[in-house]
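What follows is the residue order along each chain.
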Amino acid sequence: MIRVALLMSVVLAAACTPITPERAAERCEERARAAQGPQIGMTLGANSDSGPFASGSFSISSDAIRGLDPIAVYESCVFNLTGEPPIRPPRLRAM
């Protein structure tokens, strides 16, 4: 029983630690990049066992569907995670 209580206190303490501004910027940059528009991925290749292969993916975020500004998405995300404004501008995809 004591082990469970100790484990729970460690988990709760870890959950309450604030996120660093740099980590918040990284997480929010991913969300801001997704807000820029659809993301499309393609993979083409071949190997000696099965021959040619291809795969693809398409994703779009709700922020992109709503037409939100990626910079505004980034700034509000960082503020929500840290309670402070961003420490640097976002690194977004080239359009």
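Residues numbered from 1 in each chain as written. Predicted model: local features only at pLDDT ≥ 70, side-chain atom pairs only at ≥ 80, totals over all residues. Heavy atoms only, no water.

**Some thoughts on the pairing of strand β2 (residues 51–59)**
- Sheet analysis places strand β1 (residues 39–47) next to β2, joined by nine bridges and oriented antiparallel. For Ile 40, the partnering residue across the bridge sits in β2 and is Phe 58. (Pairing = 2+ DSSP bridges. Helix = DSSP H or I, 4+ residues; strand = E, 2+ residues; numbered from the N terminus.)

**Side note on the state of the cysteines**
- Scanning all chains against the criterion turns up one disulfide.
- Two residues share a disulfide in this structure: Cys 28 and Cys 77, whose sulfurs sit 2.1 Å from each other. Its S-S torsion of approximately -75° makes the covalent link between Cys 28 and Cys 77 left-handed. Highlighted residues: Cys 28 in helix α2 (residues 21–35) and Cys 77 in helix α4 (residues 70–82), separated in sequence by 49 residues. The two residues Cys 28 and Cys 77 agree in class, both being buried. (Disulfide = S-S within 2.5 Å. Buried < 20%, exposed > 50% of the residue type's maximum accessible area, 1.4 Å probe, protein only.)

**Side note on the confidence of the model for the chain**
- Per-residue pLDDT for the chain averages 88, and the proportion of residues at 70 or more is 86%.
- Here helix α1 (residues 2–16) stands out as the least confident element of the chain, with mean pLDDT 65; α4 is the most confident, with 95. (pLDDT = per-residue confidence, 0-100.)

**Section: the nonpolar core**
- Core analysis: the biggest nonpolar cluster contains six residues, these being Ala 25, Cys 28, Ala 32, Tyr 74, Cys 77 and Val 78.
- Only α2 and α4 provide two or more residues apiece to this core. (Core = buried A, V, L, I, M, F, W, Y, C linked by side-chain atoms within 4.5 Å.)

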